[in-house]
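Listed below are the residues making up each chain.
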4 protein chains.
Amino acid sequence: MAGNSFGQIFKITTFGESHGLGIGVVIDGCPAGLTLDVGKIQLDLNRRKPGQSSITTQRTEEDTVDIISGVFEGKTLGSPIAMLVNNKDHRSSDYDTVKNTYRPSHADFTTEAKYGIRDYRGGGRSSARETIARVASGAIAKQLLATENISIQAYVSQVGDVKCTIPYTLLNLEVAEKNMVRCPDEATAAKMIALIEEVRQDGDSIGGVITCVIKNCPAGLGEPVFDKLHADFAKAMMSINATRAFEIGDGFDAVTMRGSAHNDAFAAHDGKVMTTTNHSAGIQGGISNGMDIYFRVAFKPVATISKQQQTVTIEKEATTLEVIGRHDPCVVPRAVPIVEAMAALVLADHWLRQRCAKL
Amino acid sequence: MAGNSFGQIFKITTFGESHGLGIGVVIDGCPAGLTLDVGKIQLDLNRRKPGQSSITTQRTEEDTVDIISGVFEGKTLGSPIAMLVNNKDHRSSDYDTVKNTYRPSHADFTTEAKYGIRDYRGGGRSSARETIARVASGAIAKQLLATENISIQAYVSQVGDVKCTIPYTLLNLEVAEKNMVRCPDEATAAKMIALIEEVRQDGDSIGGVITCVIKNCPAGLGEPVFDKLHADFAKAMMSINATRAFEIGDGFDAVTMRGSAHNDAFAAHDGKVMTTTNHSAGIQGGISNGMDIYFRVAFKPVATISKQQQTVTIEKEATTLEVIGRHDPCVVPRAVPIVEAMAALVLADHWLRQRCAKL
Amino acid sequence: MAGNSFGQIFKITTFGESHGLGIGVVIDGCPAGLTLDVGKIQLDLNRRKPGQSSITTQRTEEDTVDIISGVFEGKTLGSPIAMLVNNKDHRSSDYDTVKNTYRPSHADFTTEAKYGIRDYRGGGRSSARETIARVASGAIAKQLLATENISIQAYVSQVGDVKCTIPYTLLNLEVAEKNMVRCPDEATAAKMIALIEEVRQDGDSIGGVITCVIKNCPAGLGEPVFDKLHADFAKAMMSINATRAFEIGDGFDAVTMRGSAHNDAFAAHDGKVMTTTNHSAGIQGGISNGMDIYFRVAFKPVATISKQQQTVTIEKEATTLEVIGRHDPCVVPRAVPIVEAMAALVLADHWLRQRCAKL
Amino acid sequence: MAGNSFGQIFKITTFGESHGLGIGVVIDGCPAGLTLDVGKIQLDLNRRKPGQSSITTQRTEEDTVDIISGVFEGKTLGSPIAMLVNNKDHRSSDYDTVKNTYRPSHADFTTEAKYGIRDYRGGGRSSARETIARVASGAIAKQLLATENISIQAYVSQVGDVKCTIPYTLLNLEVAEKNMVRCPDEATAAKMIALIEEVRQDGDSIGGVITCVIKNCPAGLGEPVFDKLHADFAKAMMSINATRAFEIGDGFDAVTMRGSAHNDAFAAHDGKVMTTTNHSAGIQGGISNGMDIYFRVAFKPVATISKQQQTVTIEKEATTLEVIGRHDPCVVPRAVPIVEAMAALVLADHWLRQRCAKL
């Protein structure tokens, strides 16, 4: 009930505080016989790690993953896959000033309200460092899905008011990994980077949007009632730190459309049923129909900023807080692999669930 | 794994197809000793039912609920509460034309892809009739939350491009139930109704937005990692038929804000910690902080329209489809109690989960 | 958490009190496309129902099952299968005497200790009437397993001190259903019936043992750690009212054996691995090996007797209790289909789980 | 679904193969604010570890536990508690002979049947080394229960045909830890030790029985239907390696009793309801009644013996196998803390579940 697990069949449980010994994850339910490329897990962790470019936080964390169990001679055994990333750059002294003060829009106050105790050295479980566990396990989910040729690719489509307005279908998504903001449109990427630099110099932070595209998902995944495929994507995305909104397909734009414009006509090509448009974003009635799945996730500006702020102490007295430290001025470049990981976890789970849907 | 259950401790399982004998729900985990007002359950079912006004579908369904178990002398026993609503207005003959044809943007095709079989008399489990079970169980969750004085109120804030731009804090939300579109601003309500009438006469459908406001939620509800309170709201809302987007707090608007503007300063009033603004929408780090919770849910135009559409048969041959029948031109007026019910189910569950958070 | 569900993928949730409107069950996770024989469900309910012979309780309950959902044109849809059996022979007046008194070795006292409230008209959820739901859903599980040729057969192997000492391998198990005590050895059956008659005339009750045999279970079912196949059988059996012990294979007799005598040598026949003995009872390391599975379940004498007993009132004052009513002098003849049903539910679930074990 | 988790609210997930890097566990759901004594965890691990006396296996494993997360300044945080014990005495060369051969009554064959792959260096997840994770997490569950004064004590009551016939109520259970076989009756203990020595010198193994006694359990724990308290104990115990039977209360002896003798009369003492006898073993209708809980668990002779045995190769050819190595001639002395741990895990979970049973 404590909510550190995700998934039903391909199920992960994550553990570790930001300033404890390490961050880890146990995957229970990965099928036996999957050939694992550990390098790909590390690659995604590197895409997530701090200090990777001039627009992310300058903390340096190596985040090297150790596989403790579940893999033998390069293949999954069907037993739990435990992975551990040690914490190194603790510097808990940085946090001494916040031991007695609630940082605005952080989880300090709510954590104490919930548990009556708090690891004041850092964010504890509310730290984005927990997402290491998601990225590592998501990287294995991706490899599982790749056996079916399913691919998942996310990119930054907006930073502040700088938007990439080109539809994903007209972009070469591979380009996203070639610049440090991870936007596949180079011109827009440059503007985003400039905006983030400006925000950073101001000691402030800014929000952004990540778009995620899934290709080659077979028809039939997802459940018709509560575990609709897009409902599970929504939960997965909204469980990532700093997210504020989720849209599938046309999202809020669908509100102003008429049904006659939004409905996707069916057509058959080579004996395969397809839709001539894809407003449904590959999901109808919560179940995949074989077309591309695409959705957008909004991130707020992160709460950690260098400016002075009004707050209260744990004794409930007014005070001001000024955190001198390293922080991400904009979280979305590093959140791209997290969005992909969560999408992969949802899909791997539903792909396995579908094995039990019919006789 | 088949996804017909929702919740962890206050857990519902729904059953029933649109054209079978009935729709029902079992609540497992409602605490013993709750005094139940059955009239309030029926009241919410009446707010959901078809035929309640000129802007909803004109099908007439009484949707009278029977409580089969779990209640004795007006109180809950702690045992499963089963409720059943019989189906009456079957008219499955209406659906004979779609037996061999996939309705565009319905779940006909994906259901067959998933199960290899389909109840062609109607939408089966994908029918919005399944939401009867959500509303009935949500009405009990509301009564449980009312013992803590927690209230949940939803209203229609947009239909097509007609928006209610007044913030919820300046509206009298009680007014929403006084007009048939359920918008608390009467002037906007009139425009919404006019738009829906126009769409209906055109045989088309239109989308809308529902805003939901939760007051008096105690601090400490929600879990810090996957089961963040807003992540569970997102899943709950996106599991409702026809939803396309979910926003908490400023949602997509937060993207363009700076951290210094978005962060909520803490202050203490009468020994209680509060925030001076509420961009966090009552949730920080996934855990409630005691302030109002508010979110918005976008609904697409429903797929059932009276216009002729292109599609394919189950034999994968091109055809056209023209459904002569009764449908909702805009789903949001009837979806208000569904949004409230799902919000109540999430909150009742987390309220119980919190009982185990600390020694 | 309230424990009214059983299974992970083939999952049942039961509801209904003994003296409410009815007893029901929802199966969530039965694969689509299974052709259902409703007559077989009713047949197992008839094997369980009271009043079926002179050695069971003489209450008459028809226990006719209605299928509310999940089945269309004789086949499962993949959606939840809800079944309901109405309660008819209430006679709650019989129970007025126990409203204020705790019946010895019943759940009256513990129910109040747990919930602070009790449906004093009968046993509520602790009544054996709840097993109707298990038998009905187990009958569907049996039909699912029959598609793989897996068979489950239970029989009475002991009543009081009357034992059937012939090993199951030398018995014709079909004979069990030909006598009212359900023992496949007719000579022993006659002695058992005589003993039960004697106990009944004495207004007392007596215990018994049921042996269950599963044939044609494929190798590979069961999980290696907590969800060992025999651990799940143990839980399933011990969740049946009045059970006191569970043995797999040699059970307690294995304690005095040496490993050299208990180990089952492997041999290969026609390219198939088998064991030359079967002390393992078809399960090694919690996983089926393809040999017969067999286990024994002990039932205590039921608590309802006609003799006067010492007890206390709900006001905690000493009193005596004499229940004038109809009860089963020995529960095992009617428990045979319940044991089979629970075994089928365990096996159907693990059979589906195995679909996700390997790539 | 892969069955490496146990519990609903106090939930553990274990990981690690016998010959991998280590064995670990994540506890999700331990309440915040519990003061942890790490020494007590290590103490229970020492009671379980090999090489602790002349009658256990002579393998030496230190089994030192590291707490990775979830504990801060000596108290639980409410976040997942991860613990890891590194594997040291691998000696996988010992197992080279069994790479291509199925050891009789081990899980080698069934593991391959299930997963299509096997870690042939040892038992993998079927190794009793996995129980390290149970003992470590159970030691924390014990500390949680101790805050309510609930105590759990197990002891060896039978080895082969040497039985301790004195009822637990007449024994000083503390004595059990003073001899190496863990039987609280010294005279019987001496006979048990002599028998185990004899069996060991013969290169064979022998079974045993462990009795477990729980005192001060409050009334009201356990659920009335599937999750009866004794059903969950049964599953917990039968999930331990080498178990064959479970008895609560009089167990199989209850079969020959009359209801009038087995029923426990109620009496009131100082305003508290008690029973004058305790055939119910502290559980009525699956729910604790406040009296002592006691049960017995039967263990078969372990499969690893030094004698030559008939078996087949993975190529399905007949062969003989003679394992030269160190093994436990009788598993029960080391299984005592495992039985206690599993009992504690069941009880801690139900103790938390009870918090949600009533308003």
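The preceding data block contains the structure.
This is a predicted model, so every value here is computed, not measured.

Caption draft 1: Here's a closer look at the overall build of chain A. Each helix and strand in chain A was counted, giving seven helices and 18 strands. In terms of overall dimensions, chain A is globule-like: its C-alpha atoms have a radius of gyration of 21 Å, near the 21 Å expected for 359 residues. The buried share among the 359 residues of chain A stands at 69%. Put simply, 70% of the contacts in chain A that link residues at least 6 apart link residues at least 24 apart. Summing over all exposed atoms, chain A offers an accessible surface of approximately 11000 Å²; the carbon and sulfur share of this is 49%. Across chain A, 38 positive and 41 negative side-chain charges occur, with their mean positions spaced 2 Å apart.

Caption draft 2: Focus on the nonpolar core. With 374 residues, the main nonpolar core has Phe295 of chain A, Phe295 of chain B, Phe295 of chain C together with Phe295 of chain D as its most contacted residues. The residues contacting Phe295 of chain A, other than those within four sequence positions of it, are Ile210, Thr211, Cys212, Ile214, Phe233, Met237, Phe246, Glu247, Ile248, Val339 and Ala343 of chain A.

Caption draft 3: Broad picture of the relation of the copies chain D and chain C. Of the transformation placing chain D onto chain C, the axial shift is 0.0 Å and the rotation is 180°, giving an RMSD of 0.0 Å. Accordingly, the operation relating the two chain copies is best matched by a two-fold axis. Most of the interface of chain D is mirrored in chain C, where 100% of its interface residues again form contacts.

Caption draft 4: Representation of the relation of the copies chain A and chain D within the structure. At an RMSD of 0.0 Å, chain A and chain D line up after a rotation of 180° and a shift of 0.0 Å along the axis. Most of the interface of chain A is mirrored in chain D, where 100% of its interface residues are also at the interface.

Caption draft 5: Inspection of the packing of aromatic side chains at higher detail. All told, the structure shown has 34 aromatic pairs over all chains when counted by the stated rule. When the ring of Phe233 of chain C is compared with that of Phe295 of chain C, the centres are 5.1 Å apart and the planes differ by 35°; the resulting orientation is tilted. In this pair, Phe233 of chain C sits in helix α5 (residues 229-238) while Phe295 of chain C sits in strand β16 (residues 293-299), placing the two residues 62 residues apart along the sequence. With a centroid separation of 5.4 Å and 70° between ring planes, the pair formed by Tyr102 of chain D and Phe109 of chain D is classed as edge-to-face. Phe109 of chain D carries the same exposure label as Tyr102 of chain D, and that label is buried. In this structure an aromatic cluster arises from ring pairing among Tyr102 and Phe109 of chain A together with Phe266 of chain B. We note Lys114 of chain B situated over the ring of Tyr115 of chain B; from NZ or CZ to the ring centre the distance is 5.9 Å.

Caption draft 6: A look at the interface of chain A and chain D. Taken together, the contacts link 41 residues of chain A with 41 residues of chain D. The largest share of the area that chain A buries against chain D comes from Ile68, Phe72 and Ile117 of chain A, three residues that together contribute 18% of it. Summed over the shared surface of chain A and chain D, the number is zero salt bridges. Where chain A packs against chain D, one counts eight residue pairs in polar contact (both at pLDDT 80 or more). Those elements giving two or more residues to the side of chain A that touches chain D turn out to be β2 (11-15), β3 (22-28), β6 (75-76) and β7 (81-86) of chain A. Among the elements that take part in the side of chain A that touches chain D, β2 of chain A stands out by supplying four residues, more than any other.

Caption draft 7: Structural detail: the sheet that holds β2 of chain A. Residue and element names in this part refer to chain A. With antiparallel pairing, five strands are arranged side by side in an open sheet as β1-β2-β3-β7-β4. Of all the strands in the sheet, the pair left with one neighbour each is β1 (5-6) and β4 (65-67). Examined bridge by bridge, β2 and β3 share five bridges and lie antiparallel to one another. Paired with Ile12 across the bridge in β3 is Ile27. Sheet strands touched by helix α3 (residues 131-146): β2, β3 and β7. Its angle to β3, the strand with the most contacts, is close to 35°.

Caption draft 8: Quick peek at the sheet that holds strand β4 (residues 65-67) of chain B. All names here are of chain B. Read across the open sheet, the five strands follow the order β1-β2-β3-β7-β4; overall the sheet is antiparallel. The sheet is open, and its two edges are formed by β1 (5-6) and β4, each paired on a single side. Note that β4 and strand β7 (residues 81-86) share three bridges and pair antiparallel. For Ile67, the partnering residue across the bridge sits in β7 and is Met83. Strands in contact with helix α3 (residues 131-146) are β2 (11-15), β3 (22-28) and β7; relative to β3, the strand with the most contacts, it is inclined by about 35°.

Caption draft 9: The arrangement of unusual backbone geometry in detail. For Ala281 of chain A, which is not a glycine, the phi torsion comes out positive at approximately 55°. Within the secondary structure, Ala281 of chain A is located in the loop between β13 (272-275) and β14 (283-284). Although it is not a glycine, Ser105 of chain C sits at a positive phi angle of roughly 60°. With respect to the element layout, Ser105 of chain C can be found in the loop between β7 (81-86) and α2 (108-115). Looking at Ser105 of chain C, the relative accessible area reads 6%, which means it is buried.

Caption draft 10: Quick peek at the pattern of salt bridges. Per the counting criterion, the structure on display carries 103 salt bridges over all chains. Put simply, Arg48 of chain C and Asp63 of chain C hold a salt bridge, and the shortest N to O gap is 3.5 Å. Note that Arg48 of chain C is positioned in helix α1 (residues 38-48) and Asp63 of chain C in the loop between α1 and β4 (65-67), a separation of 15 residues in sequence. By the burial criterion, Arg48 of chain C is buried, and Asp63 of chain C matches it. The salt bridge partner of Arg121 of chain C is Asp119 of chain C, with a shortest N-O separation of 2.8 Å. Under the relative-accessibility criterion, Arg121 of chain C is labelled partly exposed at 22%. Where salt bridges share partners, they join Asp44, Arg47, Lys142, Glu177, Arg182 and Glu340 of chain A into one cluster.

Caption draft 11: Molecular detail of the environment of Arg296 of chain B. Structurally, Arg296 of chain B is set in strand β16 (residues 293-299). Using a relative accessible area of 27% as the deciding quantity, one classes Arg296 of chain B as partly exposed. Taking the C-alpha atoms as reference points, Arg296 of chain B and Ala107 of chain B, separated by 189 residues in sequence, lie 25 Å from one another. Those residues within four positions of Arg296 of chain B in sequence are excluded, and the remaining contacts are Phe252 of chain A together with Ser157, Gln158, Val209, Ile210, Thr211, Ala245, Phe246 and Glu247 of chain B.

Caption draft 12: Looking closely at the side chain of Ser239 of chain A. Positionally, Ser239 of chain A belongs in the loop between α5 (229-238) and β11 (243-248). The residues contacting Ser239 of chain A, other than those within four sequence positions of it, are Arg134 and Met342 of chain A together with Val225, Phe226, Lys228 and Ala231 of chain B.

Caption draft 13: Up close: the interface of chain D and chain C. Listed by partner, the interface residues are 112 residues for chain D and 112 residues for chain C. In total, about 8600 Å² of surface goes out of reach between chain D and chain C, with carbon and sulfur atoms giving 60% of it. Sorting the residues of chain D by area buried against chain C places Lys114, Phe226 and Arg244 of chain D first, and these three jointly supply 11% of that buried surface. If you look at where chain D meets chain C, you find ten salt bridges. Among the salt bridges present, the one from Arg258 of chain D reaches Glu198 of chain C, with a minimum N-O distance of 3.4 Å. Counting every contact that joins chain D to chain C gives 45 residue pairs in polar contact (both at pLDDT 80 or more). Grouping the amino acids of the side of chain D that touches chain C by side-chain chemistry returns 48 nonpolar, 40 polar and 24 charged.

Parameters and conventions
- For every chain, the first residue of the written sequence is number 1, and numbering continues from 1 along that sequence.
- Note on labels: chains are lettered from A, ligands numbered from 1, in written order.
- With the structure being a predicted model, the display of local features is reserved for residues of pLDDT at least 70 and the display and counting of side-chain atom pairs for 80 or more, all residues being used for whole-chain, interface and lining totals.
- As a rule here, side-chain values cover all heavy atoms of the structure and leave hydrogens and water aside.
- Every helix listed is a DSSP run of H or I at least four residues long, and every strand listed is a run of E at least two residues long, numbered separately from the N terminus.
- We take the radius of gyration over the C-alpha atoms and set the globule estimate at 2.2 Å times the residue count to the 0.38 power.
- Classification of residues uses two cut-offs on accessible area relative to the type maximum, computed with a 1.4 Å probe and protein chains only: under 20% is buried, over 50% is exposed, and between them is partly exposed.
- Throughout, a contact is declared for two residues whenever any of their heavy atoms are within 4.5 Å.
- Each accessible area is a Shrake-Rupley estimate made with a 1.4 Å probe; only the visible protein chains count as cover when residues are assessed.
- The sign given to each residue is positive for Lys and Arg and negative for Asp and Glu; His and the chain ends receive no count.
- Charged groups are reduced to one reference atom each: NZ for lysine, CZ for arginine, CG for aspartic acid, CD for glutamic acid.
- Side-chain atoms within 4.5 Å link the members of a nonpolar core, which is a set of buried Ala, Val, Leu, Ile, Met, Phe, Trp, Tyr and Cys residues.
- Superposing copies: least-squares fit, C-alpha atoms only, residues required to have pLDDT of at least 70 in both.
- Each pair of aromatic rings taken from Phe, Tyr and Trp, with Trp reduced to its six-membered ring, is defined by centres within 6.5 Å and is described as stacked if the planes are under 30 degrees apart, edge-to-face if over 60, and tilted in the remaining cases.
- A positively charged side chain is recorded as over a ring if its NZ (Lys) or CZ (Arg) lies within 6 Å of the ring centre. The angle to the ring normal must also be within 35 degrees.
- Buried area is understood as the total, over both parts, of accessible area removed when two parts are fitted together, assessed with a 1.4 Å probe.
- Here a salt bridge means any side-chain nitrogen of Lys or Arg lying within 4 Å of a carboxyl oxygen belonging to Asp or Glu.
- For this analysis, a polar contact is any N or O atom pair within 3.5 Å, provided that within protein one partner can donate a hydrogen and the other can accept it, and provided that sequence-adjacent residues contribute only side-chain to side-chain pairs.
- Any two strands with at least two DSSP bridges between them are considered paired.
- Angles here are taken between N-to-C directions and fall from 0 to 180 degrees, while the axes themselves are lines fitted to C-alpha atoms, restricted in helices to the stretch in contact.
- In this count, Pro and Cys sit with the nonpolar residues alongside Ala, Val, Leu, Ile, Met, Phe, Trp and Tyr, while Asp, Glu, Lys and Arg are called charged and the others, Gly among them, polar.

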